[in-house]
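# Report on the structure
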Amino acid sequence: MRAVIVAELAFSADDLAQMRFAVSPMWEVVTSYQLVMSGSAHPVHRRWLERVCPQVAAAGLDRGWLAKLIRPGQYCPDFLTPTPGGPAPDLADELAAVRATSPGRVHQDLDLLRRKEGHLGPRLRSLYADPPSCLPRIAEEIETYWELALAPYWARIQTVLDADVYHRARQVAEHGAGHLFNDLHASMSWDGNSLQLIRRRTLARESTGPGLLLIPSVFIGAGLLSRETPPDPPQFGYQARGVGTLWQPRPVARTGALAAVLGRSRTRLLIELESPASTTELARRTGLSAAGASRYLTAMRDAGLVSAHRSGRSVLYARTAAAEAVLAAAGQQTQDA
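Below or above, wherever it landed, is the structure these notes cover. It should be emphasised that the depicted structure is a prediction, and the values quoted were computed from it without experimental measurement. (Residues numbered from 1 in each chain as written. Predicted model: local features only at pLDDT ≥ 70, side-chain atom pairs only at ≥ 80, totals over all residues. Heavy atoms only, no water.)

## Details of the overall build of the protein chain
This is how it is decided: For helices the rule is a DSSP run of H or I covering at least 4 residues; for strands it is a run of E covering at least 2, with both sets numbered from the N terminus onward. The size measure is the radius of gyration over C-alpha atoms, and the globule rule it meets is 2.2 Å times the number of residues to the 0.38 power. Burial classes follow relative accessibility: with a 1.4 Å probe on protein chains only, a residue under 20% of its type's maximum area counts as buried, one over 50% as exposed, and anything between as partly exposed. The convention is simple: Lys and Arg are positive, Asp and Glu are negative, and His and the chain ends are not counted. Charge coordinates come from a single atom per side chain, which is NZ of Lys, CZ of Arg, CG of Asp or CD of Glu.
Scanning the protein chain for helices and strands turns up 15 helices and 10 strands. Its C-alpha atoms give the protein chain a radius of gyration of 22 Å, within 12% of the compact-globule value 20 Å for 337 residues. Seen through its principal axes, the protein chain has C-alpha atoms that stretch 60 × 50 × 30 Å. For the protein chain, the residues scored as buried account for 49% of the 337 residues in total. Of the charged side chains in the protein chain, 37 are positive and 32 negative, and the gap between their average positions amounts to 8 Å.

## Side note on the nonpolar core
Definition in use: Definition used in this section: a nonpolar core is a set of buried Ala, Val, Leu, Ile, Met, Phe, Trp, Tyr and Cys residues joined via side-chain atoms within 4.5 Å. Any two residues whose heavy atoms approach within 4.5 Å at even a single point are treated as in contact.
One finds Trp48, Leu69, Leu80, Leu127, Tyr145, Leu150 and Ile157 to be the most contacted residues of the largest nonpolar core, which totals 53 residues. Elements that contribute at least two residues to this core include exactly helix H2 (25-38), helix H3 (46-58), helix H4 (65-69), helix H5 (91-99), helix H6 (103-117), helix H7 (122-129), helix H8 (131-150) and helix H9 (154-175). Residue contacts for leucine 69: discarding those within four places in its chain leaves Tyr75, Cys76, Pro77, Phe79, Leu80, Leu110, Leu124, Leu127 and Ile138. Residues Leu9, Phe11, Met188 and Leu224 belong to the second largest nonpolar core, which totals 17 residues.

## Thoughts on the pattern of salt bridges
For clarity, the threshold we go by: We define a salt bridge as a contact between a side-chain nitrogen of Lys or Arg and a carboxyl oxygen of Asp or Glu at a distance within 4 Å.
Applying the stated criterion across every chain, the model contains 17 salt bridges. Arginine 285 serves as the salt-bridge partner of glutamate 272, at 3.4 Å between the closest nitrogen and oxygen. Here glutamate 272, found in helix H12 (residues 264-272), pairs with arginine 285, found in helix H13 (residues 279-286); they are 13 residues apart in sequence, far enough to count as distant. The class for arginine 285 is partly exposed, based on a relative accessible area of 25%. For glutamate 281, the salt bridge goes to arginine 285, with nearest N and O atoms at 2.5 Å.

## Considerations on the packing of H9 against helix H10 (residues 177-184)
The criterion, for reference: In this description, a line fitted to the C-alpha atoms serves as the axis of each element, helices being fitted only across the stretch in contact, and the angle between N-to-C directions of two axes falls anywhere from 0 to 180 degrees. What sets the label is the angle itself: under 35 degrees gives roughly parallel, over 145 gives roughly antiparallel, 65 to 115 gives roughly perpendicular, and the rest give oblique. Charged residues are taken to be Asp, Glu, Lys and Arg, nonpolar residues to be Ala, Val, Leu, Ile, Met, Phe, Trp, Tyr, Cys and Pro, and polar residues to be all remaining types, Gly included.
Where H9 contacts H10, the two axes come as close as 7 Å, and the packing angle between them is 140°. What the angle tells us is that H9 and H10 run oblique. Counting all contacts with H9, which are made through His167, Arg168, Gln171, Val172 and His175, the residues of H10 involved are Ala177, His179, Leu180, Asp183 and Leu184. Considered class by class, the residues forming the contact of H9 with H10 number four nonpolar, four polar and two charged.

## Quick word on the packing of H2 against H3
It is the contact of H2 with H3, at a shortest axis distance of 10 Å, that shows an interaxial angle of 85°. Viewed along their axes, H2 and H3 adopt a mutual orientation that is roughly perpendicular. The residues of H3 that touch H2, namely those facing Ser32, Leu35 and Val36, are Trp48, Leu49, Val52, Cys53 and Val56. Its residues assigned to classes, the contact of H2 with H3 comprises seven nonpolar, one polar and no charged.

## Points about the pairing of strand S8 (residues 235-239)
For clarity, the cut-off: A pair of strands counts as paired when DSSP detects no fewer than two bridges linking them.
Across the five residues that make up S8, a large majority, four, are buried. Direction of pairing for strand S6 (residues 212-217) relative to S8: parallel, over a ladder of five bridges. Looking at the pairing, proline 216 lines up with tyrosine 238 of S8. Pairing between strand S7 (residues 225-227) and S8: three bridges, direction antiparallel. Pairing of arginine 227 across the sheet is with glutamine 235, part of S8.

## Remarks on the packing of aromatic side chains
Here is the rule: Each pair of aromatic rings taken from Phe, Tyr and Trp, with Trp reduced to its six-membered ring, is defined by centres within 6.5 Å and is described as stacked if the planes are under 30 degrees apart, edge-to-face if over 60, and tilted in the remaining cases. A positively charged side chain is recorded as over a ring if its NZ (Lys) or CZ (Arg) lies within 6 Å of the ring centre. The angle to the ring normal must also be within 35 degrees.
Taken as a whole and judged by the stated rule, the model has seven aromatic pairs. Measuring from ring centre to ring centre gives 5.8 Å for phenylalanine 11 and phenylalanine 181, while their planes differ by 50°; the resulting arrangement is tilted. On the criterion of sequence distance, the pair formed by phenylalanine 11 in the loop between strand S2 (7-10) and helix H1 (13-17) and phenylalanine 181 in helix H10 is long-range, its members being 170 residues apart. Judged by relative accessible area, which is 9%, phenylalanine 11 ranks as buried. Arranged with centres 4.8 Å apart and planes meeting at 45°, the rings of tryptophan 48 and phenylalanine 219 form a pair that is tilted. Of this pair, tryptophan 48 sits in helix H3 while phenylalanine 219 sits in the loop between S6 and S7, and the two are 171 residues apart along the sequence. Note on accessibility: tryptophan 48 and phenylalanine 219 belong to one class, buried. Through a chain of ring-to-ring contacts, the aromatic side chains of Phe11, Phe181 and Trp190 assemble into a single cluster. The ring centre of tyrosine 128 lies 5.2 Å from the NZ or CZ of arginine 114, which sits over that ring. Sitting above the plane of the tryptophan 65 ring, arginine 123 keeps its charged end 5.0 Å from the centroid.

Structure, rendered in structure tokens:
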């Protein structure tokens, strides 16, 4: 991916017919890792950074493969963000594509990285020399980062991303693609048959694949990110709508109504999972025994209301999208009462 730095991208009827959106876990991995490594006190993501940065450092993820491949504000090798095969691939699908990257693709991306930075360090030289043996290790490190930094929060993140895609799809359905492009980003404008991109190096349809892929992200800032690797369609990553609400506390649900269905202890645990937490921490907050909290969390995990993610020696529990929907419905009942 490259930071967008005036170019015109022509569209045929076929290109417009192939335009689509996708939510990509690997785009969130790359952009969130850049934010972690930037050391900035981000006004929106501050709470997330305060929790995640120490865990990333403790796991050594600030000095491994990712630290060499994903640099804040720098070119990131395109093979780390493979073209999503559908609207919502899971991480396993995208990691399979990363592991299967051809040596030629790896060499092309690393050659570009070397031209931009002047050299490749020992770790990246080993990747250049033997991609098939190094790519699985990179994928393993990505999985570790995902479990620490993104998986416990994915229900929240995905809610924002899905809402953005729904809003953009409605724009296309109601007003057409031109309205979508004019609203998507300040550097974009639509003139009837081509997309104008302001302050950008050259971009021509001849140097891209057909169609267009638009990818919302909660971790992209005000800029626009792009990926052009023929024969894939060009990809543009942009900041999703509603990012400012991502980490805000949710409305407190009517515990009495939920407790009548789930039980008081399970309801209390769900409400306490505003942020991912371990069994020990949840037991301390709720006054339950550790064994009791563990039993209830296991039952809710089996029911699809919580998920479990390893963080070092601990296991963090997080609410799933199903649990968020239940609590949101209960919160709406409270407002309507």
